[in-house]
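What the coordinates show
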Amino acid sequence: MYAQMIKSEASQEDPEALKAFQDRIDAGSKIEPKDWMPEGYRKTLIRQIGQHAHSEIVGQLPEGNWISRAPTLERKAILLAKVQDEAGHGLYLYCAAETLGVSRDQLTRDLLSGKMKYSSIFNYPTLTWADMGAVGWLVDGAAIMNQVPLQRTSYGPYARAMVRICKEESFHQRQGFDIMMKMANGTDAQRRMAQDALNRFWYPSLMMFGPSDKESVHSEQSMAWKIKMNTNDELRQKFVDQTAPQAEYLGLTVPDEHLKFNEESGHYDFSEPDWDEFFQVLKGNGPCNTERLAARNKAWDDGRWVREGLLAHAKKKRNAAIAAE
Ligand code: 3HC
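Residues numbered from 1 in each chain as written. Predicted model: local features only at pLDDT ≥ 70, side-chain atom pairs only at ≥ 80, totals over all residues. Heavy atoms only, no water.

Attention shifts here to the overall build of the protein. Scanning the protein for helices and strands turns up 14 helices and two strands. Taking 2.2 N^0.38 as the reference for a compact globule, 325 residues should give roughly 20 Å; the C-alpha atoms of the protein span a radius of gyration of 21 Å, in line with that estimate. Looking at the protein as a whole, 46% of its 325 residues are labelled buried. Counting only contacts in the protein whose residues sit at least 6 apart along the sequence, the fraction spanning at least 24 positions is 78%. When the accessible surface of the protein is split by element, carbon and sulfur atoms take 55% of a total near 16800 Å². (Helix = DSSP H or I, 4+ residues; strand = E, 2+ residues; numbered from the N terminus. Rg over C-alpha atoms; globule rule 2.2 N^0.38 Å. Buried < 20%, exposed > 50% of the residue type's maximum accessible area, 1.4 Å probe, protein only. Contact = heavy atoms within 4.5 Å. Areas by Shrake-Rupley, 256 points an atom, 1.4 Å probe, with all protein chains shown as cover.)

Below, the structure is given as structure tokens:
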């Protein structure tokens, strides 16, 4: 329905302006906030960037869960820095979305009411310390796979935000892999924890790339506008090709009996995730959906006095400036 709406809006726009816009995209130009853009392009970006920003913010919760229980001071400092980076990513992305004419408050309201989505992966629980390794290695790994190409996306503020985000996500992935190496080469109990974390995070990580290309609603138009640079299935395959040898290096087993390198295609064959589970998570029925939204709503309510205090100060300064004129 959304894709149809975008198409019907496009049919009401000046065909010459639309063509000139598409020519700019095809020539590799960046679109900047003050440039003319089709309404569908603007809305698609707000949806994608907003959803991405929300993912960074909600994504702090499963890892924040382990800050007070990190096994050493060093691990605690690293995890704290990583979680703070995610908050920063959310803020750059909200700023990029604001250049499209939507306010951060509106986006936040749409997250808190459940109207806007965030990545499905953050509706899964983090049960052991090994999950911090699996999240960094697999979840940040999948995020980078998707975000490196987005540095070339057609919308300038989004592409530029992605450059710094990708640098930081690389550090996140490395720290996750480092935790997995320690656990996989540790005691029997640690190895079992590492394997268990891989078992639980493998398929949810594959789901991060979105539904199969056949089911993807937005890919075709988003790729024509270079809002997306690859299809969901292309990136999922790249992720499996990169990650399967890493699991082997760790001495861990990917929980997929069909995972096998295919000499002919030069890629790994693998089993599709359970798409029913994916769509259930999107509908709010994942293991932690309710908990995550409740936590964000509580943070918003608890922070009200800070917002009101800051706004009161800004208002006072503005009134004083007006009085001095
Ligand atoms: N979780 C939640 N919703 C998802 C999803 C996922 N993993 N994958 C797809 N969807 C939703 C889409 O939003 C869309 O729903 P909508 O129409 O209500 O918005 C629907 O499923 C159909 O999917 P499409 O393939 O048509 O959607 P897109 O073209 O938007 O593709 C995407 C989905 C690949 C995730 C794309 O939006 C994208 O590349 N987004 C930017 C990257 C991003 O958001 N990453 C979040 C990862 S987490 C992260 O970065 C935090 C880090 O710290 C780990």
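Next comes the rest of the description.
With that settled, the discussion passes to empty space enclosed by the protein. Across all of its chains, the model carries one cavity of 30 Å³ or more by this definition. The calculated volume of the largest cavity comes to roughly 30 Å³. Lining the largest cavity, in full, are Pro62, Ile121, Phe122, Tyr124, Thr126, Val135, Val139 and Phe201. In the lining of the largest cavity, the residues fall into seven nonpolar, one polar and no charged. (1 Å grid on protein atoms, 1.4 Å probe; cavity = no way out; pocket = protein on both sides within 12 Å on 5 of 7 lines; lining within 4 Å. Points joined across faces, edges and corners; volume = space filled by probe spheres on them. Nonpolar A, V, L, I, M, F, W, Y, C, P; charged D, E, K, R; others polar.)

So, on to the layout of surface pockets. Quantified by volume, the second largest pocket comes out at close to 530 Å³. Taken together, 20 residues make up the lining of the second largest pocket; nearest its centre are Arg104, Asp105, Thr108, Trp300 and Arg307. Looking at the lining of the second largest pocket residue by residue, the classes come out as eleven nonpolar, three polar and six charged.

Let us now look at the nonpolar core. Counting residues in hydrophobic clusters, the biggest one holds 42 residues, and the most contacted among them are Trp129, Trp137, Leu138, Trp202 and Phe239. It is helix H7 (residues 130-150) that provides the largest number of residues to this core, a total of nine residues. In this view, Trp202 contacts Leu138, Phe239, Val240, Thr243, Val254 and Pro255; residues no more than four positions away in its chain are not counted. Of all hydrophobic cores here, the second largest spans 26 residues; its members include Tyr94, Ala96, Ala97 and Trp225. (Core = buried A, V, L, I, M, F, W, Y, C linked by side-chain atoms within 4.5 Å.)

With that settled, the discussion passes to the site of the ligand. Near the ligand, the surroundings consist of 32 residues, among which Glu86, Lys117, Val217, His218 and Lys228 are the closest. Within the side chain of Asn232, an N or O atom sits 2.8 Å from an oxygen atom of the ligand. In isolation the ligand offers 1000 Å² of accessible surface; the protein chains occlude 91% of this area. Mapped onto the shell around the ligand, the elements with two or more residues apiece are helix H3 (39-58), H7, helix H8 (156-184) and helix H12 (275-285). Residue classes in the shell around the ligand are distributed as 13 nonpolar, twelve polar and seven charged. (Near = heavy atom within 4 Å. Polar contact = N/O pair within 3.5 Å; in protein donor to acceptor, adjacent residues only side chain to side chain.)

All right, on to the side chain of Asn232 then. In this structure, Asn232 sits in helix H11 (residues 232-250). A relative accessible area of 5% places Asn232 in the buried class. Once residues lying within four places of it in the same chain are set aside, the contact partners of Asn232 are Phe209, Gly210, Pro211, Asp213, Ser216 and Ser219.

Quick look at the packing of helix H6 (residues 104-112) against helix H13 (residues 289-302) now. Closest axis-to-axis distance for the H6/H13 pair is 10 Å, and the angle between their directions is 140°. One way to sum up the angle between H6 and H13 is to call them oblique. The segment H6 lies against H13, with Asp105, Thr108, Leu111 and Leu112 engaging Leu293, Arg296, Asn297 and Trp300. Its residues assigned to classes, the contact of H6 with H13 comprises four nonpolar, two polar and two charged. (Axes fitted to C-alpha atoms, helices over the stretch in contact; angles between N-to-C directions. Parallel < 35°, antiparallel > 145°, perpendicular 65-115°, else oblique.)

A separate point is unusual backbone geometry. In this structure, Lys226 is a non-glycine residue whose phi angle is positive, near 55°. Secondary-structure assignment places Lys226 in the loop between helix H10 (219-224) and H11. Given the relative accessible area of 24%, Lys226 is considered partly exposed.

Attention now goes to the pattern of salt bridges. On inspection of all chains with the given rule, the structure shows 16 salt bridges. Taking the shortest distance from any N to any O, the salt bridge between Arg160 and Glu32 comes out at 2.8 Å. In this pair, Arg160 is assigned in helix H8 and Glu32 in the loop between helix H2 (15-26) and H3, connecting sequence segments 128 residues apart. Assessed through its relative accessible area of 48%, Arg160 is described here as partly exposed. (Salt bridge = Lys/Arg side-chain N within 4 Å of Asp/Glu carboxyl O.)

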